[in-house]
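Architecture and fold: a report
Residues per chain are reported as follows:
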Amino acid sequence: EKLAEILKKDPQNAFASFLLGNHLLWKTGSTQEAIQHLEKAVALRPSFLKAWVSLAMAYKKSHLFVMAEQAFQNCMDLDPNPQQQNFYKTHLQAL
């Protein structure tokens, strides 16, 4: 509710879009609505790694596998951490 208010006042707030998308994805199960907010977050901030991870998971959950693959690839491009690279590769292989 508060995040929706923030986004009404500042629709260009990538962090609020990410938080709302994450909440919708993991707490309410509103995957399609979550995708809309997460897509907006990464459109506003293309280097927003956490938003890309959540978006990839939302696509995967929605069986949008081509989009999930692209999102996980973006995660790999943005995150040099070897442990995280393994996480992304595991999800990519499961698509």
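In what follows, the structure referred to is the one given above.
This section reports on the structure supplied with the text. Remember, predicted model here, so these are calculated numbers, not experimental data.

Description of the packing of aromatic side chains
Enumeration according to the criterion identifies four aromatic pairs in this entry. Both rings, one in Phe-18 and one in Phe-48, keep their centres 4.9 Å apart while their planes meet at 50°; by these two values the pair is tilted. Here Phe-48 lies in the loop between helix H3 (31-44) and helix H4 (49-61) and Phe-18 lies in helix H2 (residues 14-28), a separation of 30 residues in the sequence. Here Phe-18 and Phe-48 have matching classes, each one buried. For the ring pair Phe-87 and Tyr-88, a centre distance of 5.7 Å and an interplane angle of 75° mean the geometry is edge-to-face. We classify Phe-87 as partly exposed; its relative accessible area is 32%.

Quick word on the side chain of Gln-85
Structurally, the position occupied by Gln-85 is in helix H6 (residues 82-93). For Gln-85, a relative accessible area of 14% gives the class buried. Beyond its immediate chain neighbours, meaning those up to four positions away, Gln-85 contacts Met-76, Asp-79 and Pro-80.

Thresholds applied
- Residues numbered from 1 in each chain as written.
- Predicted model: local features only at pLDDT ≥ 70, side-chain atom pairs only at ≥ 80, totals over all residues.
- Heavy atoms only, no water.
- Phe/Tyr/Trp six-rings, centres within 6.5 Å; stacked < 30°, edge-to-face > 60°.
- Helix = DSSP H or I, 4+ residues; strand = E, 2+ residues; numbered from the N terminus.
- Buried < 20%, exposed > 50% of the residue type's maximum accessible area, 1.4 Å probe, protein only.
- Contact = heavy atoms within 4.5 Å.

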